[in-house]
Amino acid sequence: MKFSAPSLFLCLAMLSSSVSLHAAETTAPATAPYLLAGAPSFDLSISQFREAFNKDNPTLPLEEFRAIDSARDTPTLTRAASKINENLYASTALERGTLKIKSMQLTWLPVQGPEQKAAKAKALDYMSAVLRAFTPALTKAQSQQKLQKLLAAGKNKRYYAETEGAVRYVVADNGEKGLTFAVEPIKLALSDSLGGAN
């Protein structure tokens, strides 16, 4: 199956625009956290992730991820994407060389008409499964509830991020232009008070 170039570029453009808009609103750097030097990666390569995901979610298959040429790539970063269907894409930022995941994103491009409800339900199933893949302590029901809370908090916001433990969840809601859900690792650091106690 070939990628539709306009759809794929729209997906990637939404991700980059959501980060820069958030940066303008909060005076944070205009660079996505996973693009920064020294940004962490999950201890899981994309092929390991896909194999485990497909085994745990046989009704939600992820096809092979293919590298995307991007001028925004750095010497330490590779981007790849997998088309799930005409309106749902998985994309990822990978550590060059090891192909360990720095960010895993699912983007749903809304469809109009009678198939919209089923298409959105399928997208939410994938998003919930990805959330559960990186937060395995959650049950299926808990991951669905967590996803609904994140989507509600990020509704009509171009960028919403919530951190839980060593994971950051990101929602970019562009309304009729699409919805992106991402999971990214974060670095954990000892607080000053804990560091001083030793």
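Residues numbered from 1 in each chain as written. Predicted model: local features only at pLDDT ≥ 70, side-chain atom pairs only at ≥ 80, totals over all residues. Heavy atoms only, no water.

Caption draft 1: Structural context of the pairing of strand β2 (residues 77-85). Counting buried positions along β2 gives eight out of nine residues, so the element sits mostly inside the fold. When strand β1 (residues 66-68) meets β2, the two strands line up antiparallel, connected through three bridges. The residue bridging A67 from the neighbouring strand is A80, located in β2. The sheet contact formed by β2 and strand β3 (residues 88-95) spans eight bridges and is antiparallel. (Buried < 20%, exposed > 50% of the residue type's maximum accessible area, 1.4 Å probe, protein only. Helix = DSSP H or I, 4+ residues; strand = E, 2+ residues; numbered from the N terminus. Pairing = 2+ DSSP bridges.)

Caption draft 2: Fine view of the side chain of K83. Assignment of secondary structure puts K83 in strand β2. Residue classification places K83 among the buried positions, given a relative accessible area of 9%.

Caption draft 3: Broad picture of the packing of aromatic side chains. For the coordinates displayed, the defined rule picks out five aromatic pairs. Measuring from centroid to centroid gives 5.1 Å for F49 and F134, while their planes differ by 10°, and the two rings are stacked. You can see F49 sitting in helix α2 (residues 46-56) and its partner F134 sitting in helix α3 (residues 116-134), a full 85 residues away along the chain. Pair check on accessibility: F49 and F134 agree, each one buried. In this structure an aromatic cluster arises from ring pairing among F42, F49, F53, Y126 and F134. (Phe/Tyr/Trp six-rings, centres within 6.5 Å; stacked < 30°, edge-to-face > 60°.)

Caption draft 4: Local environment of helix α4 (residues 140-153). The terminal C-alpha atoms of α4, which comprises 14 residues, lie 20 Å apart, in line with the 20 Å expected from a rise of 1.5 Å per residue. All of the buried residues along α4 are S143, K146, L147, L150 and L151. Projected down its long axis, α4 carries its buried residues within an arc of 130°, all on one side. For α4, the exposed residues lying more than 90 degrees away from the buried face are Q145, K149 and A152. (Expected span 1.5 Å × (residues − 1). Arc of directions from axis to C-beta.)

Caption draft 5: Molecular detail of unusual backbone geometry. Phi at L99 takes a positive value of approximately 60°, unusual for a residue other than glycine. Among the structural elements, L99 can be located in the loop between β3 and β4 (101-108). The exposure class assigned to L99 is partly exposed, which follows from its relative accessible area of 35%. Of note in this structure, N156 is not a glycine but carries a positive phi near 60°. Mapped onto the secondary structure, N156 falls in the loop between α4 and β5 (160-164).

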